[in-house]
Amino acid sequence: MIYFLQQIVSSVLMARCLMVSLKRMVSFTIMKTVRALKRVFSNLTTVSMVSRKRGVIMVICAVLAILGNVIANRMAAWVARETTRRLRHDLFRKISYLSNRQIDGFTVPSLISRMTTDTYNIHRMVGMMQRIGIRAPILVMGGVAVTLSLDPVLALVLTCMLPIILYIVFAVSRRSIPLFDRLQKSVDTMVRVVRENASGVRVIKALSRTEGEKTRFEGVNRQVMQDENRANMVMA
């Protein structure tokens, strides 16, 4: 009987010890888990604060970029407009002092084209040079620099491709110049036809040459369209 009681007491004590040990182990595990969660949440809070700051900086940079782009485009448009206005004014003043022989040498349709079509092309060229001609080299150099910092091998490939691209641009430009010269001659011819029709409209009606002049203008207009399409396709 006493031995049996000793066995029961020893079993109860062992169970008690096991329960206390298990309780302490669970408490220790819970404490470690809580500390780890606190550490994770503190890191997340720090990361979220850093992300918020970076997000605010990115939004500010985006707004500044939009404002700068708008201001730059407005300034480019103003410069192109003023350049074309002054050029047209000086050109008209120069034409006003030409002699009859000089006017016959240039021809009136050619002078009209210089005052209208050419000045408009110069207006577009000045605007595109300010918008793309200045921005594109900066973007290329920035892209190469960023690529060098990320992957030098890929940057070397891009750098090796630049001379090939420059040669292609040079070859296309060299081929397109004669096409634009032909287009300019076609435009001069169209202006001459329109001027003749406008100045001799009474003679055309009196001689019943309306349909013939329409056909003539359609042919000249079609030639201008073909020359312009050919030149623009080469440049594209």
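Predicted, not measured: the structure shown is a model, and the values here were computed from it.

Enquirer: So what exactly am I meant to see when it comes to the side chain of Asp118 here?
Expert: Note on placement: Asp118 falls in helix 3 (residues 108–133). Accessibility expressed as a relative area gives 19% for Asp118, which makes it buried. Side-chain polar atoms of Asp118 contact the side chain of Arg114, separated by 2.3 Å. Setting aside its immediate chain neighbours within four residues, Asp118 contacts Ser113 and Gln184.

Enquirer: What exactly am I supposed to notice about unusual backbone geometry here?
Expert: Generally, phi is negative for residues other than glycine and the peptide bonds are trans, each holding for most cases. A positive phi is found at Thr107, a non-glycine position, where the angle reads about 70 degrees. Within the secondary structure layout, Thr107 lies in the loop between helix 2 (100–106) and helix 3.

Enquirer: When you look at helix 7 (residues 210–235) in this model, what are you seeing that I'm missing?
Expert: For an α-helix, the turn length of 3.6 residues means that residues three or four places apart are oriented alike. Helix length check: helix 7, at 26 residues, gives a terminal C-alpha distance of 37 Å against a target of 38 Å (1.5 Å per residue), a fit within 8%. On its buried face, helix 7 is in contact with helix 5 (152–199) and helix 6 (201–206).

Enquirer: Could you clarify how one ought to interpret the nonpolar core in this entry?
Expert: In summary, soluble globular proteins display a tendency toward joint burial of nonpolar side chains. One finds Leu183, Val187, Met190, Val191, Val193, Val220 and Val224 forming the largest nonpolar core, which totals seven residues. Those elements that provide at least two residues to this core are helix 5 and helix 7. In terms of residue count, the dominant contributor to this core is helix 5 (five residues). Not counting the four nearest positions on each side in its chain, Val193 is found in contact with Arg216, Phe217 and Val220.

About the criteria used
- Residues numbered from 1 in each chain as written.
- Predicted model: local features only at pLDDT ≥ 70, side-chain atom pairs only at ≥ 80, totals over all residues.
- Heavy atoms only, no water.
- Helix = DSSP H or I, 4+ residues; strand = E, 2+ residues; numbered from the N terminus.
- Buried < 20%, exposed > 50% of the residue type's maximum accessible area, 1.4 Å probe, protein only.
- Polar contact = N/O pair within 3.5 Å; in protein donor to acceptor, adjacent residues only side chain to side chain.
- Contact = heavy atoms within 4.5 Å.
- Expected span 1.5 Å × (residues − 1).
- Core = buried A, V, L, I, M, F, W, Y, C linked by side-chain atoms within 4.5 Å.

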